[in-house]
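Observations on chain architecture
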Amino acid sequence: MTTQVLATLRQAREATGQALDRYRDVLATHDPRLLLGAGVVSVVGDWFNTVALLVLANRIGEGPLGVGGLLAVRVLPGVLLQGPAGALVDRLPGRRLLVTVELLMAAVAASFVVLNAVPNLWLLYALAFALEGLNTIARPAFLVQFTGAVPPERRASANGLLWMGWTVAQALGTLLGGLLLTPLGATPLFLLNALTFVAIAFAVTRVRGDASVEPVTASDHAAGDGAHAEARTPGYRALFRLDVVAFAAITLSASLLIRAAGALFVVRGEELGLGEGGVGPLLAAVAVGLFLGGALAGAGSHTGRQTLYLVAAAEAAAAAGLAVFGVAGGPTVALVALALTGFTSEVAEVAGLTYFQHRLPSAFYGRFFSVILMAAALGGAGGALLGPLLEQEVGAGRALVALAIPGIGLAIAFGVGARARPASNRPTHRGTAATSSGWD
């Protein structure tokens, strides 16, 4: 028995060492390291902007209605514009599009300072819509460039590092934004956000490798697991495959449940005896889970069909975790359930995206990322509405359980569907020179 335990510990130590080596390899390479840093800095700036806008919307709109309108306006571009944005990214695959859009976003972010002189709610909404509209291009364009900068065998590790970095950046951005807002006001936050967009544009121009996507051929589609030739099925029709559609469906379901739970954090915090400030510990528990989930998921390779089983199990566990959070009678169980949800949802997202990066030709990356982003946006919008509405009818706990059941069912169906897929699927590494939970 002792020998078996020692052997297991030795294997775990070796696996951990190999994972750390892969992380070090990514960080030791110029282009991924540069883009990772730029992506983290950009998310910090995004949360500076979010903190300032929430306060301004509450002040100009005279209460929660103004904030609700802002949140709705920020979701709309993802629903309306993400599809065309993904196609644009694939048709203009070089760095120039990303650099141009980042500079435009810097100009829009700096324009928010006008609200100090003209405190108009509709102007705030218009600028927020413009910024999020440009972001529908910037997000998939950045992910395409980042994917192209990483060798295929290191994509899981790179994705894990990126998602961990975004989690840390979100926490840092909200914390620093709140600290700076009171003494300095909103203007410095808007200007700092604008500078982060300039920084990411500059970083992209310093990438050394060629991140352009090569034209797609019929052989690429054959290698890409059965997608039809672009000449016969242009646009998004080439992504109408069972695995992609199913992954988008469970992404939508997970995002809906996550946003519904987030909308009920204040209610659950008070029910758990944490008071209004309970939102802080609840979000912190999620963040810890997200970080650890990204670290674990990044240690794998996620090239084989077993990845789909992992995604299915992780999504089912995430939904179950939020159901437990909804009915938990004490803060300890609730916090553990949220940490589990953050952990498993991040594992599912990193593993799933990495799997499809290996399976799809690079010329589809922009549209693929956009499909997933659209699913997350639709789910988030639905959850933000359904959560509070159901809570009024049946209470927070029953509302989250009711919303978790379809998510668990979809995850199981996803796993069963993965088992039924042909075993002959092979990943494609073509285009190597070419991920939301819904928590951010």
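Structure's up top.
Rules and cut-offs
Residues numbered from 1 in each chain as written. Predicted model: local features only at pLDDT ≥ 70, side-chain atom pairs only at ≥ 80, totals over all residues. Heavy atoms only, no water. Salt bridge = Lys/Arg side-chain N within 4 Å of Asp/Glu carboxyl O. Helix = DSSP H or I, 4+ residues; strand = E, 2+ residues; numbered from the N terminus. Buried < 20%, exposed > 50% of the residue type's maximum accessible area, 1.4 Å probe, protein only. Phe/Tyr/Trp six-rings, centres within 6.5 Å; stacked < 30°, edge-to-face > 60°. Contact = heavy atoms within 4.5 Å. Polar contact = N/O pair within 3.5 Å; in protein donor to acceptor, adjacent residues only side chain to side chain. Core = buried A, V, L, I, M, F, W, Y, C linked by side-chain atoms within 4.5 Å. Axes fitted to C-alpha atoms, helices over the stretch in contact; angles between N-to-C directions. Parallel < 35°, antiparallel > 145°, perpendicular 65-115°, else oblique. Left-handed = near helix turned anticlockwise from the far one by under 90°.

Turning our attention to the pattern of salt bridges. Counting across every chain of the model gives four salt bridges. In this structure, the salt-bridge partner of Arg-367 is Asp-90, at a minimum N-O distance of 2.6 Å. Linking Arg-367 in helix H16 (residues 365-394) with Asp-90 in helix H4 (residues 82-91), this pair joins segments that are 277 residues apart in sequence. Accessibility expressed as a relative area gives 5% for Arg-367, which makes it buried.

Turning our attention to the packing of aromatic side chains. What the rule picks out here adds up to nine aromatic pairs. Their ring planes at 90° and their centres at 5.6 Å tell us that Trp-122 and Tyr-125 sit as a pair that is edge-to-face. Of this pair, Trp-122 and Tyr-125 both sit in helix H7 (residues 121-148), three residues apart, which is roughly one turn of that helix. Given a relative accessible area of 65%, Trp-122 falls into the exposed group. Where Phe-142 meets Phe-146, the ring centres are 6.2 Å apart and the plane angle is 10°; that geometry is what we call stacked. Placement of the pair is Phe-142 and Phe-146 together in helix H7, with a separation of four residues, close to one helical turn.

A few words now on the environment of Glu-132. When you line up the elements, Glu-132 lands in helix H7. Taking C-alpha positions, Glu-132 is 8.5 Å from Leu-76, a pair spaced 56 residues apart along the chain. Those residues in contact with Glu-132 that lie beyond four places of it in its chain are Arg-74 and Pro-77. Within the structure, Glu-132 has its side chain in polar contact with the side chain of Arg-74 (distance 3.2 Å).

A general trend in soluble globular proteins is that nonpolar side chains are found buried together. Counting residues in each nonpolar core, the largest one holds 94 residues, and the members touching the most others are Leu-124, Phe-247 and Phe-368. When sequence neighbours within four positions are dropped, the list of residues in contact with Phe-368 reads Leu-239, Val-244, Phe-247, Leu-353, Phe-356 and Leu-360. One finds Leu-272, Phe-325, Ala-334 and Leu-403 within the second-largest nonpolar core, a separate group that totals 24 residues.

Before going further, it helps to spend a moment on the packing of H7 against helix H8 (residues 155-184). The N-to-C vectors of H7 and H8 enclose an angle of 140°; their axes lie 11 Å apart at closest approach. One finds that H7 runs oblique with respect to H8. Crossing handedness for the pair H7 and H8: right-handed. Touching Arg-139, Phe-142, Leu-143, Phe-146 and Thr-147 of H7 are Arg-155, Ala-158, Asn-159, Leu-162, Trp-163 and Trp-166, all from H8.

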